[in-house]
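Survey of secondary and tertiary structure
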Amino acid sequence: MTRATLDKQPHEVASMFDDVAANYDLTNDVLSLGQDRRWRREVARAVDARPAQRILDLAAGTGTSSLPFTETGAYVVPCDFSLGMLREGKKRHPWLPLTAGDATRLPFADGSFDAVTISFGLRNVQDTDRALRELYRVTKPGGRVVICEFSHPTWAPFRTVYEEYLMRALPPIARAVSSNPDAYVYLAESIQGWPDQPELAARLQGAGWGRVAWRNLSGGIVALHRGTKPL
């Protein structure tokens, strides 16, 4: 396979992320023009982790996204289905309880976490609705979900410029900085095919989450969705 197709076969997507694990965080920083650091700060603020709380950070990759939660005194479980990402994360952060797991079959008991979050990973799951139900299952009643995912700019002229960047500028930049540039062609195509903000909110509600809301970041390039599991 030269590049992952949009049917999101788990073994193909996992293999793709295995290939880019070593330079993944650096590549994202370059391709997002540094915006990914701001987006992750917004995720940490929305999760609002507290001391002794249990937080599931799904699609955590190398564990970089989990570090802000550890700083609050919360117990964080970084989980990912790419073993290559987890191995790289273990080299960098050996103290983190990095865990292998599939978003559609999470290896955790019902009601295990006070909060669950996934950043830039839900788009890569083969069955989005099943993953949302799994996140709901492992969350305690009254617990919260925070999803940070690429979305669709709301201002039409900006949306046109952004889509041009995705399909024309991103691939050559990826070829210069990534060990697997084809993975970033997949990235661009998967963003274009992803549901918009209201549709993802409706799917969260369909999985059982209440008080669902979202906030656009960077003009809608990214959207931060939130919800609560009813008591």
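It should be noted that the structure appears before, not after, this text.
Basis of the calculations
Residues numbered from 1 in each chain as written. Predicted model: local features only at pLDDT ≥ 70, side-chain atom pairs only at ≥ 80, totals over all residues. Heavy atoms only, no water. Core = buried A, V, L, I, M, F, W, Y, C linked by side-chain atoms within 4.5 Å. Buried < 20%, exposed > 50% of the residue type's maximum accessible area, 1.4 Å probe, protein only. Contact = heavy atoms within 4.5 Å. Pairing = 2+ DSSP bridges. Helix = DSSP H or I, 4+ residues; strand = E, 2+ residues; numbered from the N terminus. Axes fitted to C-alpha atoms, helices over the stretch in contact; angles between N-to-C directions. Phe/Tyr/Trp six-rings, centres within 6.5 Å; stacked < 30°, edge-to-face > 60°. Lys NZ or Arg CZ within 6 Å of the ring centre and 35° of its normal.

Below, the discussion takes up the nonpolar core. Grouped together as the largest cluster of nonpolar side chains are 25 residues, with contacts concentrated most on Leu56, Phe108, Val116, Leu122, Leu135, Ile147 and Trp209. Beyond its immediate sequence surroundings of up to four residues, Val116 is in contact with Leu56, Leu135, Val138, Thr139, Arg144, Val145, Val146 and Trp209. The next biggest cluster of nonpolar side chains, apart from the first, holds 23 residues, and it includes Phe69, Cys148, Leu170 and Ala188.

Let us look at the sheet that holds strand β1 (residues 54-58). Taken in spatial order, the 7 strands line up as β3-β2-β1-β4-β5-β7-β6 in an open sheet, and their pairing is mixed. Both outer strands of the open sheet, β3 (99-100) and β6 (210-217), are each paired with one neighbouring strand and no more. Alignment of strand β2 (residues 75-80) against β3, held across 2 bridges, turns out to be parallel. Looking at β3, one finds that Cys79 is bridged to Thr99. Against the sheet, helix α9 (residues 197-206) engages β5 (139-150), β6 and β7 (222-228), with an angle of about 155° to β6.

Attention now moves to the packing of aromatic side chains. If you walk through the whole model with that rule in mind, you get 5 aromatic pairs. Note on Phe108 and Phe113: the rings are 5.1 Å apart at their centroids and 90° apart in plane angle, and the pair reads as edge-to-face. Each member of the pair Phe108 and Phe113 is classed as buried. Over the aromatic face of Tyr136 sits the side chain of Lys229, whose NZ or CZ is 4.7 Å from the ring centroid.

Any functional reading would require information beyond the geometric quantities listed.
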